[in-house]
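So you can see what is in the structure, the chains are spelled out below.
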Amino acid sequence: MTIKSLESELKKRLNFPYNWGRKQSDDWDFKTKFIYQTRDFEGLENQCHDFEEGLRNYAFNRWLNFWSAKAVEAIFASNQLVKKEENQFSKTVDFYISGIPFDHKSSVFPRQFGKSFDYALQHKKELIEWLYSNQSQEGRKHHANRLFIIFYDAQNGDHWKLKTELTLIKEKITDYLGNFSRANLVSLHLESCEILSDVIWIKI
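Structure report, in brief. (Residues numbered from 1 in each chain as written. Predicted model: local features only at pLDDT ≥ 70, side-chain atom pairs only at ≥ 80, totals over all residues. Heavy atoms only, no water.)

### Here's the deal with the pattern of salt bridges
For clarity, the cut-off: The salt bridge definition used is simple: a Lys or Arg side-chain nitrogen within 4 Å of an Asp or Glu carboxyl oxygen. Per the convention used, a helix needs a DSSP run of H or I reaching at least four residues, while a strand needs a run of E reaching at least two, with both numbered from the N terminus. Burial classes: relative accessible area under 20% of the type maximum marks a residue as buried, over 50% as exposed, and values in between as partly exposed (1.4 Å probe, protein chains only).
Under the counting rule described, the total for this entry stands at nine salt bridges. The salt bridge involving Arg-62 is made with Asp-29; its shortest N-O contact spans 3.2 Å. Placement of the pair is Arg-62 in helix 4 (residues 53-77) and Asp-29 in helix 2 (residues 26-31), with a sequence separation of 33 residues. For the pair formed by Arg-62 and Asp-29, the shared burial category is buried. The closest approach of N and O atoms between Asp-198 and Lys-124, which form a salt bridge, is 2.8 Å. One end of the pair, Asp-198, is in strand 6 (residues 193-203); the other, Lys-124, is in helix 6 (residues 124-134), with 74 residues separating them in the sequence. Judged by its relative accessible area of 24%, Lys-124 falls in the partly exposed class.

### Observations regarding the pairing of strand 4 (residues 146-152)
What counts is decided by this rule: At least two DSSP bridges between two strands are required for those strands to pair.
Among the seven residues in strand 4, seven count as buried, and that is most of the element. Residues of strand 4 alternate between two faces, with Arg-146, Phe-148, Ile-150 and Tyr-152 on one and Leu-147, Ile-149 and Phe-151 on the opposite face, all of them buried. In the sheet, strand 3 (residues 100-108) pairs with strand 4 via six bridges, with the strands oriented parallel. The partner of Lys-105 across the bridge, within strand 4, is Phe-148.

### Regarding unusual backbone geometry
Phi at Ser-98 is positive, roughly 50°, even though this residue is not glycine. Tracing the backbone shows Ser-98 in the loop between strand 2 (95-97) and strand 3. Its relative accessible area of 46% is what places Ser-98 among the partly exposed residues.

### A look at the environment of Pro-101
Which entries qualify depends on this criterion: In this description, contact between two residues means that some pair of their heavy atoms is separated by no more than 4.5 Å.
Counting through the fold element by element, Pro-101 comes out in strand 3. Using a relative accessible area of 29% as the deciding quantity, one classes Pro-101 as partly exposed. Measuring from C-alpha to C-alpha, the distance between Pro-101 and Leu-196 comes to 9.1 Å, with 95 residues separating the pair along the chain. Not counting chain neighbours up to four residues away, the residues in contact with Pro-101 comprise Val-93, Phe-95, Tyr-96 and Asn-145.

### Some points on the packing of aromatic side chains
The test is simple: Each Phe, Tyr or Trp ring, with Trp reduced to its six-membered ring, pairs with another whose centre is within 6.5 Å; inter-plane angles below 30 degrees give stacked pairs, above 60 give edge-to-face pairs, and intermediate values give tilted ones.
Inspection of every chain in the model, using the stated rule, returns 22 aromatic pairs. Each ring, one from Phe-117 and one from Tyr-152, has its centre 4.1 Å from the other, and the planes form 5°; the classification is stacked. Of this pair, Phe-117 sits in helix 5 (residues 117-122) while Tyr-152 sits in strand 4, and the two are 35 residues apart along the sequence. The same class applies to Phe-117 and to Tyr-152, which are both buried. Taken together through their ring pairs, the aromatic side chains of Phe-109, Phe-113, Phe-117, Tyr-119, Trp-130, Tyr-152 and Trp-201 make up a single cluster.

### Looking at the nonpolar core
Here is the rule: Grouping buried Ala, Val, Leu, Ile, Met, Phe, Trp, Tyr and Cys residues that are joined through side-chain atoms within 4.5 Å yields what is termed a nonpolar core.
Core analysis: the biggest nonpolar cluster contains 38 residues, and Phe-76 and Ile-97 have the highest contact counts within it. If near-sequence neighbours (up to four positions away) are discounted, Ile-97 is found in contact with Phe-76, Leu-81, Val-82, Phe-102, Leu-147, Leu-177 and Phe-180. In this structure, Phe-109, Phe-117, Trp-130 and Leu-188 belong to the second largest nonpolar core, which totals 17 residues.

### Here we look at the packing of helix 4 against helix 7 (residues 166-178)
So the rule is basically this: Angles shown run from 0 to 180 degrees and are taken between the N-to-C directions of axes, each axis being a line fitted to C-alpha atoms and, for helices, limited to the stretch in contact. Angles are sorted into four bins: roughly parallel if under 35 degrees, roughly antiparallel if over 145, roughly perpendicular if 65 to 115, and oblique for all others. Rotating anticlockwise by less than a right angle from the far helix to the near helix defines a left-handed crossing, while the corresponding clockwise rotation defines a right-handed one. Under the grouping applied here, Gly and all other residues not named as nonpolar or charged are polar, the nonpolar ones being Ala, Val, Leu, Ile, Met, Phe, Trp, Tyr, Cys and Pro and the charged ones Asp, Glu, Lys and Arg.
Running from amino to carboxyl end, helix 4 crosses helix 7 at an angle of 40°, the nearest separation of the two axes being 10 Å. In terms of orientation, helix 4 and helix 7 fall into the oblique class. Where helix 4 crosses over helix 7, the handedness of that crossing is right-handed. Where helix 4 abuts helix 7, its residues Ser-68, Ala-71, Val-72, Ile-75 and Phe-76 lie against Leu-166, Ile-169, Lys-170, Ile-173 and Leu-177. A class-by-class count of the residues in the contact of helix 4 with helix 7 yields eight nonpolar, one polar and one charged.

Here's what the structure looks like:
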């Protein structure tokens, strides 16, 4: 499936409310693991037909997050600076940029951060430290190099909808890689080791 066709599928998700109802958990992740093999939205709807509303919303959201993230990885991998991690089951590395390993995390701008988007732009390291401490719990939690894709809709506050804008995401990633430098990365020290991180902002 091409980026353009996947973008078309992801946009079908926009016709439904984006409600989690509960925090992500290993239990509900297991119940909705079929999202990894379901690329089209119609197929997703069919598999969720007998779900109660909360679990159906959870599946819809995980599907959007997963396939948007897979598109992001494909966009990175298509760049000459990037090499894809060969172990598809790695929990700490998605790809290498100029030889530096990175996991990537796509996320809407967190209102729980407690400060404005403009503040976050000027204090990127503070936001990154907050993200490491407050996101990706249970089976997803790790302290390794991570590149954050942060979505922010200044017009309507529908940050999650930007995960479907793969054409825009590709433009931003291409611009980022065109100016990539290890010297520009944020360096953190967690659990007695250095972590390299950065943020790519997707904003409208």
